[in-house]
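Each chain, letter by letter, is given below.
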Amino acid sequence: MDAQPNWRGAAAASRLSYKNATIAVCAFNLLVAALLLHNYFSSWTRIAGGDRLDSAQLRYIWESEELRRAMEPVDLIRRVKEIEQEAYGEHGMATDEDPKQTAAVDLSKRLKDLRAGNDGSSQKALEEWRKRKMERARQRAIEKNGTSSAKTK
């Protein structure tokens, strides 16, 4: 039994626990943060010259602000906004329709352009396929409207 170390005695002898170490590190961090904030705020008065600004410095600041405002591309910014609104307006009109329906119409238009080499039976199958797709889309829209109106009631 004498060969086993007494851990409680060793910890008590050092008197440095995790709790004490954590408190010491936090206190050190607070001290460093206070010093950094003090240096940061005390440097403002040195940079700006304190609260005393003479008329030449004020005129220089005012002129630099005026030059910065004059250099802004106001017309370019206005034109870019107009173009974005036009593009959004055109895109907004296309989203009013069902996207699947517009895709089916676009596909059928493309296939009509390629019909020159097709035989009649494939065209008939294409037309039947398109009608079935349109009918399914209508049924989904009716079911969707029916369920949404049932939810609102």
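Residues numbered from 1 in each chain as written. Predicted model: local features only at pLDDT ≥ 70, side-chain atom pairs only at ≥ 80, totals over all residues. Heavy atoms only, no water.

So, the overall build of the protein chain
Each helix and strand counted, the protein chain has six helices and zero strands in total. Listed N to C, the secondary structure of the protein chain is α-α-α-α-α-α in terms of helices and strands. Buried residues in the protein chain amount to 5% of all 153 residues. (Helix = DSSP H or I, 4+ residues; strand = E, 2+ residues; numbered from the N terminus. Buried < 20%, exposed > 50% of the residue type's maximum accessible area, 1.4 Å probe, protein only.)

A short note on the pattern of salt bridges
Counted according to the given criterion, the structure contains eight salt bridges. Residue Glu66 is joined to Arg69 by a salt bridge in which the shortest nitrogen-to-oxygen separation is 3.6 Å. Residue Glu66 and its partner Arg69 are both found in helix 3 (residues 55-70); the two are separated by three residues, about one turn of the helix. Since its relative accessible area comes to 45%, Arg69 is described here as partly exposed. Glu127 is the partner of Arg130 in a salt bridge, and the nearest nitrogen-oxygen pair spans 3.3 Å. In this pair, Arg130 and Glu127 both sit in helix 6 (residues 120-152), three residues apart, roughly one turn of the helix. Several salt bridges converge on common partners, so that one network encompasses Glu65, Glu66, Arg68, Arg69 and Glu72. (Salt bridge = Lys/Arg side-chain N within 4 Å of Asp/Glu carboxyl O.)

A closer look at the confidence of the model for the protein chain
Per-residue pLDDT for the protein chain has a mean of 78; in total, 71% of the residues score no lower than 70. The weakest mean pLDDT in the protein chain belongs to helix 1 (residues 7-14) at 54; the strongest belongs to helix 3 at 90. (pLDDT = per-residue confidence, 0-100.)

A word on the packing of aromatic side chains
For the structure on display, the rule yields one aromatic pair. Here Tyr40 and Phe41 contribute two aromatic rings whose centre-to-centre distance is 5.3 Å and whose plane-to-plane angle is 70°, an arrangement assigned as edge-to-face. (Phe/Tyr/Trp six-rings, centres within 6.5 Å; stacked < 30°, edge-to-face > 60°.)

Things to note about the UniProt feature "transmembrane region" (unreviewed entry) in the protein chain
The feature "transmembrane region" (unreviewed entry), as given by UniProt, occupies residues 21-41 in the numbering adopted here. Helix makes up 100% of residues 21-41 and strand 0%. Its end C-alpha atoms lie 31 Å apart. (UniProt positions renumbered as here; feature names shortened; annotations may be inferred.)

Focus on the environment of Leu111
If you trace the backbone, Leu111 turns up in helix 5 (residues 99-113). The partly exposed category is assigned to Leu111, whose relative accessible area is 28%. The spatial distance from the C-alpha of Leu111 to the C-alpha of Leu126 is 8.8 Å, given a sequence separation of 15 residues.

Side note on a positive patch on the surface
Residues Lys100, Arg132, Lys133, Arg136 and Arg140 make up a contiguous surface patch of positive charge. If one sorts the elements of the positive patch by residue count, helix 6 sits on top with four residues. Structurally, Arg132 is set in helix 6. (Patch = residues over 30% accessible without salt bridge, like charges linked within 9 Å, V, L, I, M, F, W, Y side chains within 5 Å. Areas by Shrake-Rupley, 256 points an atom, 1.4 Å probe, with all protein chains shown as cover. Lys, Arg positive; Asp, Glu negative; His and termini not counted. Charge placed at Lys NZ, Arg CZ, Asp CG, Glu CD.)

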